[in-house]
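Spelled out from the first residue to the last, the chains are:
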Amino acid sequence: MLCPRRRCDGKAIIDKVYGVLPCEECQKKDSFTPKLKTRPESYSLAKSHRVQRARDRHAKDIVQPYMSGKPNPDYFKIHPDQIKKYGVKKELKKA
Ligand SMILES: [Zn+2]
């Protein structure tokens, strides 16, 4: 199929969602094609989600077992297996 643009004999692009789209050359010139408008947006959205998830994971990693000399309840909530190792069961109950 040929490009739907006038005086253009490029090859039309058939999109599952948007149907017949102008050829690549016309799309480069024309920023109003839905394809060019939506693709980068959804890409960066997916990317920021991934970054957010990585940040959450990192936040857990930097929780320290001790904070200003006292056992950190947040740390032992995440790592209950460490309570015995640090021997802080009594201290955590006090906190
Ligand atoms: Zn064209």
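What you are looking at is a predicted structure, and each value in this text was computed from that prediction instead of being measured.

Tallying secondary structure elements over the chain gives 5 helices and 4 strands in all. Per-residue burial over the chain gives 7% buried out of 95 residues. The contacts of the chain with a sequence gap of at least 6 include a subset with a gap of at least 24, amounting to 1%.

The residue Arg 7 is not glycine, and still its phi comes out positive at about 55°. The phi torsion at Ser 68 lies on the positive side, around 45°, for a residue other than glycine. Topologically, Ser 68 is positioned in the loop between strand S3 (66–67) and strand S4 (70–71). For Ser 68, a count of 5 C-beta atoms within 10 Å gives the class exposed.

Here we come to the environment of Ile 83. Along the chain, the position of Ile 83 falls in helix H4 (residues 82–86). Separated by 18 residues in sequence, Ile 83 and Pro 65 have C-alpha atoms that sit 9.4 Å apart.

Turning to the confidence of the model for the chain, a few remarks are in order. The predicted model of the chain has a mean per-residue pLDDT of 80, with 67% of residues at 70 or higher. Averaged pLDDT values for the elements of the chain fall to 62 in helix H2 (residues 34–61) and rise to 93 in H4.

So, on to the environment of Gly 87. Counting through the fold element by element, Gly 87 comes out in the loop between H4 and helix H5 (89–94). What makes Gly 87 exposed here is the crowd of 9 C-beta atoms within 10 Å. Note: C-alpha distance between Gly 87 and Pro 71 (16 residues apart in sequence) is 9.8 Å.

Basis of the calculations
- Numbers given to residues run from 1 along each chain, matching the order in which its sequence is written.
- In keeping with the model being predicted, local features are shown solely for residues with a pLDDT of at least 70 and side-chain atom pairs are shown and tallied solely at 80 or more, while totals for entire chains, interfaces and linings include all residues.
- To qualify as a helix, a DSSP run of H or I must reach at least 4 residues; to qualify as a strand, a run of E must reach at least 2; elements of each kind are numbered from the N terminus.
- We call a residue exposed when 12 or fewer other C-beta atoms sit within 10 Å of its C-beta, buried when the count reaches 20 or more, and partly exposed for counts in between; the C-beta positions come from the backbone.
- Contact between two residues is assigned whenever their backbone-derived C-beta positions fall within 7 Å.
- How sure the predictor is of each residue is captured by pLDDT, a score from 0 to 100.

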